[in-house]
Amino acid sequence: AQTVTQSQPEMSVQEAETVTLSCTYDTSESNYYLFWYKQPPSRQMILVIRQEAYKQQNATENRFSVNFQKAAKSFSLKISDSQLGDTAMYFCAFMNTGNQFYFGTGTSLTVIP
Amino acid sequence: GAVVSQHPSWVICKSGTSVKIECRSLDFQATTMFWYRQFPKQSLMLMATSNEGSKATYEQGVEKDKFLINHASLTLSTLTVTSAHPEDSSFYICSARPPGVSGANVLTFGAGSRLTVL
């Protein structure tokens, strides 16, 4: 069974600073996808970034980047130049070869002005 | 971009009644849709996979007779909570995977439906 663990229930960061959210997962599969989704107070889930497990290069989307360590089964999200609009719940997610998604328990991020 | 629409966004019902939630893919066809349940400040729990033209696949522990799923067309899946009780109060979210390279392996979510059972 696949499990996704986010060990930081809550985090805060000063505006314009950098913050890293942690995620680890457990799987016996070799090919899979990893995602970070953002859920703001509106509760609409929004894709932040995705990573294919077969790619060694870390994905980057503007201020968002990941540190993907396949051997360690770690997938952290770094947010640079944090903005007030980044305040949200962040969910790490894993998709297996059966195309099923599994979500972590989430990290509530607050950006402090 | 791909859009998934849910309706209603919020529904309040009396205990014992049934409630239907609709999930539509507005600009793409979805042979598969997914239904999640989210309790306050908790993660999304996959309830079932809705398959167009066939029976839904339910996750372990989810009562199929309680949560009826119908995927009658390539753009519409419905979740009916039958004989709802207060413990069914939750936030229900549907999602689908748009076709094409850009949407490959990415879930697009509806805005969710908040169910309150009195």
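This one's a predicted model, so the numbers in the text were calculated from it and none came from an experiment.

Enquirer: A description of the overall build of chain A should follow, citing residues and the corresponding values.
Expert: Looking only at helices and strands, chain A features zero helices and twelve strands. In chain A, the succession of helices and strands from N to C terminus is β-β-β-β-β-β-β-β-β-β-β-β. Relative to the globule expectation of 13 Å for 113 residues, the C-alpha radius of gyration of chain A, 13 Å, shows essentially globular dimensions. If you line up chain A on its principal axes, its C-alpha atoms span 40 × 25 × 20 Å. A buried classification covers 49% of the 113 residues belonging to chain A.

Enquirer: Give a detailed account of the pairing of strand E8 (residues 76-81) of chain B, specifying residues and quantitative values.
Expert: All names here are of chain B. Among the six residues in E8, six count as buried, and that is most of the element. Of the two faces of E8, the one lined by Leu-76, Thr-78 and Thr-80 and the one lined by Ser-77, Leu-79 and Val-81 are each fully buried. Both strand E3 (residues 19-25) and E8 contribute to a ladder of six bridges, which runs antiparallel. Across the sheet, Ile-21 pairs through a bridge with Leu-79, a residue of E8.

Enquirer: With reference to specific residues and values, describe the side chain of Lys38(A).
Expert: All names here are of chain A. With respect to the helices and strands, Lys-38 occurs in strand E5 (residues 33-39). Although Lys-38 is buried, it forms no salt bridge, and the closest oppositely charged side chain is Asp-86 at an N-O distance of 4.3 Å. A distance of 2.8 Å separates a polar atom in the side chain of Lys-38 from the backbone oxygen of Gly-85.

Enquirer: Report on the environment of Ala59(A), specifying residues and quantitative values.
Expert: Residues and elements named next belong to chain A. Along the chain, the position of Ala-59 falls in the loop between strand E6 (46-52) and strand E7 (60-61). Spatially, the C-alpha atom of Ala-59 lies 7.2 Å from that of Ile-49, the residues being ten residues apart in sequence. Residues in contact with Ala-59, not counting those within four places in the same chain, are Ile-49, Arg-50, Gln-51, Phe-64, Ser-65 and Val-66.

Enquirer: Residue-level account of the interface of chain B and chain A, with values.
Expert: Between chain B and chain A, the contact holds 22 residues from the first and 17 residues from the second. The junction of chain B with chain A conceals about 1,700 Å² of combined surface from both sides, 50% of it contributed by carbon and sulfur atoms. Our count for the chain B to chain A interface comes out at zero salt bridges. In this structure, the connection of chain B to chain A is made through seven residue pairs in polar contact (both at pLDDT 80 or more). Put simply, the parts of the chain that give the side of chain B that touches chain A at least two residues each are strand E4 (32-38), strand E5 (44-51) and strand E9 (90-96) of chain B. Of all the elements, E4(B) adds the most residues to the side of chain B that touches chain A, at three residues. Counted by class, the side of chain B that touches chain A contains 13 nonpolar, six polar and three charged residues.

Enquirer: Before we move on, can you summarise unusual backbone geometry with the specific residues and values?
Expert: In this structure, the amide linkage connecting His7(B) to the following residue, Pro8(B), adopts the cis form with an omega of 0°. Relative to the helices and strands, Pro8(B) is located in the loop between strand E1 (4-7) and strand E2 (10-13). For Asp81(A), which is not glycine, the phi torsion reads 50° and is therefore positive. The residue Asp81(A) is located in the loop between strand E9 (74-79) and strand E10 (88-95) in this model. With relative accessibility at 40%, the residue Asp81(A) sits in the partly exposed group. Despite not being glycine, Lys41(B) shows a phi value in the positive range, around 60°. With respect to the element layout, Lys41(B) can be found in the loop between E4 and E5. Of the residues examined, Lys41(B) reaches a relative accessible area of 81% and is grouped as exposed.

Rules used in this analysis
Residues numbered from 1 in each chain as written. Chains lettered and ligands numbered in written order. Predicted model: local features only at pLDDT ≥ 70, side-chain atom pairs only at ≥ 80, totals over all residues. Heavy atoms only, no water. Helix = DSSP H or I, 4+ residues; strand = E, 2+ residues; numbered from the N terminus. Rg over C-alpha atoms; globule rule 2.2 N^0.38 Å. Buried < 20%, exposed > 50% of the residue type's maximum accessible area, 1.4 Å probe, protein only. Pairing = 2+ DSSP bridges. Lys, Arg positive; Asp, Glu negative; His and termini not counted. Salt bridge = Lys/Arg side-chain N within 4 Å of Asp/Glu carboxyl O. Polar contact = N/O pair within 3.5 Å; in protein donor to acceptor, adjacent residues only side chain to side chain. Contact = heavy atoms within 4.5 Å. Buried area = accessible area lost by both parts, 1.4 Å probe. Nonpolar A, V, L, I, M, F, W, Y, C, P; charged D, E, K, R; others polar.

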